[in-house]
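Descriptive structure summary
One letter stands for each residue in the lines below.
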Amino acid sequence: MAGLINNLLILFLVFQNVCLGFRSPLSVFKRYKDTTRSLSSECLGSDQPVISLGLSDFALDIRMPGVTPKQSDTYLCMSVPLPVDDEAYVVDFKPHASMDTVHHMLLFGCNEPSSTENYWDCDEGTCKDKSNILYAWARNAPPTRLPKGVGFRVGGETGGRFFVLQVHYGDISAFRDKHKDCSGVTLHLTHQKQPLIAGMYLMMSVNTVIPPGEKVVDADIACHYKRFPMHLFAYRVHTHRLGKVVSGYRVRNGQWTLIGRQSPQLPQAFYPVEHPVDVNYDDILAARCVFSGEGRTTETRIGGTANDEMCNFYIMYYMEAKHAVSYMTCTQNANPEMFRNIPQEANIPIPVKSDMLKVTHGHNEETKGTDKSSLLHQSKKEEEEILDQGDFYSLLSKLLGERKDVVHVHKHNPTEKAESDFVAEIANVVQKKDLARQITNHDERDNTILVRDRIHKFHRLESTLRPPENRHFSLRQPKHGEGSWEKGHTGDFHMEEAVEWPGLDLKLGQVSGLALDPENNLVIFHRGDHVWDENSFDSKFVYQQRGLGPIEQNTILVLNPSDAKLLHSMGKSLFYLPHGLSIDKNGNYWVTDVALHQVFKLGAHDKEPLLILGVALQPGSDRNHFCQPTDVAVDPITGSIYISDGYCNSRVIQFSPKGLYVMQWGEGTETSLGRARPGQFHIPHSLALIPDFSQLCVADRENGRIQCFRLETGEFIREIKHKSFGRELFAVSYVPGGLLFAVNGMPYPGEAEPVQGFVMNFSTGEIIDTFIPLRKNFEMPHDVVASEDKTVFVGDVHARAVWKFASTEKMEHRSVKKAGIEVQEIKESETIVEARLKNTPESTDHLKKQEKQHLVQQSSAGVSFVLITTLLIIPVVVLLAILLFIRWRKTTVYGVELQI
């Protein structure tokens, strides 16, 4: 009997082992063996990438396959498939890299790597689909330790099936001996379900400016937390050379609790949170970076080069598995006033030993014996080099410096950069070095602006030599179907910011829409205290923050366009996330709400909507549903309603004046086929109705173009696309008579097109002028509206500001002061423009002399006319005389012959 029991136990154990074998890594080793890399003999890593650690655990060795980078700042990627099909959890990391050869490493999880090669240049991308960052290492950081029961989820239905390793080789001087590199990381994975899932939360400042010579500059970041509880266990700080200390806090009921505080000049490691901190719903996460501008001669901004700065506070956290979110971010300061109460320690620098500073910045021991001049030369050289070009933090910072309004959770490419989608996309965008937003050198940009301003000043002076009729555009109303602008006719038209307009100082939320009412008053649509961020929507585009309730502030503001005084306000407790705004000929407001997935028609003074299209909080793509609609246009003749829909759908829908469905057109862009075809959209973001031509123009945002269609049929007519648009075009506005205005997005890396406004000839599509603000800078211009007198307003969703621009024609009776030069324009029988040094009294003799010169020019013009006429008449008279002589001669000769 005992023997029978023993045999049964043995059979049971064997059966159990066989069953576990189906999910053990050993059961898939044969399948995985074919993809095993043959590492260089010079590498010390194991040539067996998967090592069993028991029935449910295994180690995965991810190493570069013996590479030798050929130039500095090289980014190489390689991929390893997850050797199991079912769900697994990464519970530990062990890096294998040295700062002598590697600047940083990033580990991504995704379903489809960008290449199937053994390794490839990361310029080709990292992952083709959405990716999550699992691990980051830099500068001899120690191994990251996850708490017990905590893991990063991979595989299964929701986790990635591939690991992609990205290695940045900064300085390749260590490869002079042509040796092979096998840097990488070893993962400890388990099949045992982890009750707690790890994630990362990134806090970043995106608009910090450090004045030259300023001793202390604070960069503050703060966001309200609106999710299930999370527990913080590690943190990391990052700045460039001007950073002194970075601190992070949880603020609850006014009490500040330290998460972590460290000098960014120490090794870039994840440090454990000394006293674990939990974060609950409605807590505030706050961070401060302290900089010093001493030693700099120009202002320093956020960017990716040694001349720029960064302010990043990076947190590792874990959450209960059922509520887990793998990645979150904060890029704004939701409550600046509260930083008055930040603990004093946040502004106390942490001492750093000189030898530790050398290790941090990669100096070798040989520098100890060098003289000061060589050190200064080395420092200068480093300032000229690209720093952290591919670093995780650099990529994110440059991405933000670029765009940004929103980045959408459901997109695989960077989308709206207004803080909505900004973050879910970050993990996806960071995977491609070439998608990181490159911030151009600000000195170069300032010089460019100065040169352009001088050119415009020269053209204004030069224009006085032309006849007055050539100074102004004829903006007559064109006949239907015909333009009023001659091709190539640009004159000296130029837009400049109206610097005296006080509207830039308005206290606004995220500015999403602008319009002008029938009285030409400016109407602003903003989001109050609501923001569109990574917590706003789930993967099915359902709004997740209904618990916040509607916005309690008035979201629609009517301002005097001259002095920005508030005339009227409305829209309280109606909207969750405002987006588009337009006004019909009767003064009704048409607005869209991307959270409600609805379109509203509102009377200017009505408390309740006159018409609602769409179903509240229900995204969809049929005739009765929208998915994050963006804008509305109403035909002033027929009353037909056109809606661009939107972030999730790629279509334009026409409704009757009563809201009945009529038709729709458009489809999504097939990015794999290259250039988008006519009628394809990648976020139809803004509409401009062109009644003069019976057309509807759409700002096809992510395709960086304007598409125009026939109103009656939706038939594609033409595309307006310029290289200077860059890859994104956010908004478009039309002025009756032939002017088209637009604003673009921030440039992609390696591209020089700045964020700016455009003035175009609608008939030809050519760019007449570009414009940028003089006060502040565009961060993410989200909407533009223009009046018939060529006054333009631009609303910025990130800067939370509205700029006013006017043409120089409108300013001709004012003094224009720039760079110490004043240009005074005086209108008499003709326009006389006179340039003089600032504060120099005007000379009446000089005016008389100039008027005399003007009369001489007129007299000269008259003499020239008489002279030219005389010169033309003389040859004609001579020719007639010759003809008469020939005729007389022939008559005489023939007459003699006849007589003979």
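Now for a quick tour of the structure. In this numbering scheme, every chain counts its residues from 1 along its sequence in written order. Whole-chain, interface and lining totals are the exception, using all residues; otherwise, since this is a predicted model, local features are given only for residues with pLDDT of at least 70 and side-chain atom pairs are given and counted only at 80 or more. Hydrogens and water molecules were not included; the side-chain quantities draw on all heavy atoms of the structure.

**Topic: the state of the cysteines**
Joining two cysteines, a disulfide is a covalent bond between their sulfur atoms. Note on disulfides: each one is a pair of cysteine sulfur atoms within 2.5 Å. Applying the stated criterion to the full structure yields six disulfides. Between the sulfur atoms of Cys-110 and its disulfide mate Cys-127 the distance is 2.2 Å. The disulfide joining Cys-110 to Cys-127 has a torsion of about -75 degrees about its S-S bond and is therefore left-handed. Here Cys-127 lies in the loop between strand E6 (120–121) and strand E7 (132–138) and Cys-110 lies in strand E5 (residues 104–110), a separation of 17 residues in the sequence. Per residue, the accessibility class of Cys-110 equals that of Cys-127, and both read buried. Bridging Cys-697 to Cys-708, the disulfide has an S-S length of 2.2 Å. Here the S-S torsion is close to 100 degrees, and the disulfide linking Cys-697 with Cys-708 is therefore right-handed. In this pair, Cys-697 sits in strand E38 (residues 695–700) while Cys-708 sits in strand E39 (residues 705–710), placing the two residues eleven residues apart along the sequence. For the exposure calls, accessible area comes from a 1.4 Å probe over protein chains only, and a residue counts as buried if that area is under 20% of its type's maximum, exposed if over 50%, partly exposed in between. When its relative accessible area of 0% is taken as the criterion, Cys-697 is described as buried. Helix and strand definitions follow DSSP, with helices as H or I runs of at least four residues and strands as E runs of at least two, each counted in order from the N terminus.

**Considerations on unusual backbone geometry**
Residue Gly-646 follows Asp-645 across a cis peptide bond; omega there is -5 degrees. For Gly-646, the position within the fold is in the loop between strand E32 (641–645) and strand E33 (651–655). Residue Lys-178 is not a glycine yet carries a positive backbone phi of 65 degrees. Turning to its location among the elements, Lys-178 is positioned in the loop between strand E9 (162–169) and strand E10 (184–190).

**Digging into the packing of aromatic side chains**
Stacked, edge-to-face and tilted labels apply to pairs of Phe, Tyr and Trp rings (six-membered ring for Trp) whose centres lie within 6.5 Å, assigned for plane angles under 30 degrees, over 60, and everything in between, in that order. Considering all chains together, one arrives at 28 aromatic pairs under this definition. Relative to Tyr-314, the ring of Phe-270 lies with its centre 5.3 Å away and its plane at 35 degrees, an arrangement referred to as tilted. Taken together, the residues span a long stretch of sequence, with Phe-270 in the loop between strand E16 (255–262) and strand E17 (271–279) and Tyr-314 in strand E20 (residues 312–320) at a distance of 44 residues. When its relative accessible area of 0% is taken as the criterion, Tyr-314 is described as buried. Judged by centre distance (6.1 Å) and plane angle (85 degrees), the ring pair of Phe-655 and Tyr-661 falls under edge-to-face.

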